[in-house]
Amino acid sequence: ASSQPPSRSFSFLQRSQQLKRSAWLAPAPHRLNSGLPVNIGVLFVPQQEAWVVERMGKFHRILEPGLNFLIPLLDRIRYVQSLKEIVINVPEQSAVTLDNVTLQIDGVLYLRVMDPYKASYGVEDPEYAVTQLAQTTMRSELGKLSLDRVFRERESLNANIVDAINQASDCWGIRCLRYEIKDIHVPPRVKESMQMQVEAERRKRATVLESEGTRESAINVAEGQKQAQILASEAEKAEQINKAAGREANAMLVKARAKAEAIQLLAAALAQQHGSAAASLSVAEQYVNAFSKLAKDSNTLLLPANTGDVTNMVAQALGIYTTLTKPQAVKTQDEIPPASEEPQPPATELLKAEQAGSS
């Protein structure tokens, strides 16, 4: 049997396999004069191929891979279907998106013949039919999406196209395994606007990140200052506590002891002879010293009505002192027997004598 270079075959038979069949390939009328094997009685079908045999013009059977026997002249190999996965390049096509942007899209389609009988008798040109179906489905799916969603939802777009092709090609015995968008061409003006948008988004992100960094820095500085103030106040508090518990406490105790001893000495001095006169003299001196300091720190003065009557002021102070010390004096007289004391002049006379001497 002679062989000829096969022309374009729409039965998905690879050209390289057709050229290798030099012993039993012969020209036969098939779709667009495709080369088909000649029935010589004994045939060897390659793996992953299905040969459709007709007997007297009617479908007879499909030859399985391996050794097969046919009746010459009665049986004829009508179609040869490849059961391998077939890759079809979908030509570039134009489509309009939902926001009226025209795109140029091409893709790649992956098919496989599942039923050789349906692939042979279901459609005249399976490759052309599937390619046209993929293009129309692509246009309809792109019309439902905006330009931004086309780039984000490419996987869902491919899945929708595969589902649409499988629903239509089920009666053709062909199954679409997957569809991949190979390239998307955007108009130049739209591309420039997209670049500007990308630059604006990047500037926005940079500004936001810078502001967030400034905010975080300010928060960290404020937190640091807050912690520093808290630690400083705690340190000052601890220092004051230590001072109060240490030196100041000892100083207060020493002052209290000194004051107590002074009070005891003063009480002992008052109990002696002429103690009341000495107390009156001390009160008069303090009164005069207090008047000498008036109007030095402030212009506002609060003075009693009888400011110049020193005798009356001293008498009032001694009266208050006598009232406070009277219960103690009565108690002391009850406990201690009275002793002979020399008569003392009244306090008023002593004050008059002192005033006369001072004048």
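- An unreviewed UniProt entry annotates the protein as Stomatin-like protein 2, mitochondrial of Corythaixoides concolor.
- Word for word, the UniProt comment on the protein under Sequence similarities (unreviewed entry) is "Belongs to the band 7/mec-2 family."

### Let's talk about the sheet that holds strand 7 (residues 75-82)
Two orientations exist for strands paired in a sheet by backbone hydrogen bonds: parallel and antiparallel.
Next up, step 1: Read from one edge to the other, the open sheet built from three strands follows the order 5-4-7, with strand pairing classed as antiparallel. The two strands at the open ends of the sheet, each matched to only one other strand, are strand 5 (58-63) and strand 7. Taking each pair of neighbouring strands and ignoring which way they run, the sheet shows an average axis angle of 25 degrees.
Next up, step 2: In terms of strand pairing, strand 4 (residues 49-55) meets strand 7 through seven bridges, oriented antiparallel.

### Concerning the pairing of strand 8 (residues 86-96)
Next up, step 1: Here nine bridges tie strand 8 to strand 9 (residues 102-113), and the two strands are oriented antiparallel to one another. Bridging from a neighbouring strand, Q93 pairs with I105 of strand 9.
Next up, step 2: Hairpin geometry of strand 8 and strand 9 is characterised by an intervening segment of five residues between the two adjacent antiparallel strands and by a positive phi of about 60 degrees at N100.

### Some remarks on a nonpolar patch on the surface
Next up, step 1: On the surface, V42, F44, L67 and F69 cluster together to form a nonpolar patch covering roughly 420 Å² of accessible area.
Next up, step 2: Here F44 is to be found in strand 3 (residues 42-45).
Next up, step 3: Given a relative accessible area of 53%, F44 falls into the exposed group.

### Remarks on the pattern of salt bridges
Next up, step 1: Using the criterion set out here, one finds six salt bridges in the structure.
Next up, step 2: Its salt-bridge partner being R112, residue E85 comes within 3.9 Å of it at the nearest N-O pair. Taken as a pair, E85 in the loop between strand 7 and strand 8 and R112 in strand 9 lie far apart in primary sequence, 27 residues in all.
Next up, step 3: Residue classification places R112 among the partly exposed residues on the basis of a relative accessible area of 32%.
Next up, step 4: R215 is the partner of E216 in a salt bridge, and the nearest nitrogen-oxygen pair spans 3.9 Å.
Next up, step 5: Connected through salt bridges with shared partners, the residues E85, R112 and R178 form a single ionic network.

### What to know about the packing of aromatic side chains
Given two aromatic rings, one states the distance between the centres and the angle between the planes to describe the pair.
Next up, step 1: A complete count under the given rule lists four aromatic pairs for this structure.
Next up, step 2: Ring plane angle 80 degrees and centroid distance 6.1 Å describe the contact between F59 and Y121, whose orientation is recorded as edge-to-face. A residue pair is termed long-range when its members are at least 10 positions apart, and F59 in strand 5 and Y121 in helix 2 (residues 116-121) qualify at 62 residues.
Next up, step 3: For F59, a relative accessible area of 32% puts it in the partly exposed group.
Next up, step 4: By relative accessible area, which is 32% here, Y121 ends up partly exposed.
Next up, step 5: Between Y117 and Y121, the ring centres sit 5.1 Å apart and the planes meet at 45 degrees, which makes this aromatic pair tilted. A residue pair is termed a helical-turn pair when its members lie 3 or 4 positions apart in one helix, as Y117 and Y121 do in helix 2 at four residues.
Next up, step 6: Given the relative accessible area of 38%, Y117 is considered partly exposed.
Next up, step 7: Grouped by ring-pair contacts, the aromatic residues F59, Y79, Y117 and Y121 constitute a single cluster.
Next up, step 8: The ring of Y110 is capped by R178, whose NZ or CZ atom sits 4.3 Å from the centre of that ring.

Quick notes on the rules
- Residues numbered from 1 in each chain as written.
- Predicted model: local features only at pLDDT ≥ 70, side-chain atom pairs only at ≥ 80, totals over all residues.
- Heavy atoms only, no water.
- UniProt positions renumbered as here; feature names shortened; annotations may be inferred.
- Pairing = 2+ DSSP bridges.
- Helix = DSSP H or I, 4+ residues; strand = E, 2+ residues; numbered from the N terminus.
- Axes fitted to C-alpha atoms, helices over the stretch in contact; angles between N-to-C directions.
- Patch = residues over 30% accessible without salt bridge, like charges linked within 9 Å, V, L, I, M, F, W, Y side chains within 5 Å.
- Areas by Shrake-Rupley, 256 points an atom, 1.4 Å probe, with all protein chains shown as cover.
- Salt bridge = Lys/Arg side-chain N within 4 Å of Asp/Glu carboxyl O.
- Buried < 20%, exposed > 50% of the residue type's maximum accessible area, 1.4 Å probe, protein only.
- Phe/Tyr/Trp six-rings, centres within 6.5 Å; stacked < 30°, edge-to-face > 60°.
- Lys NZ or Arg CZ within 6 Å of the ring centre and 35° of its normal.

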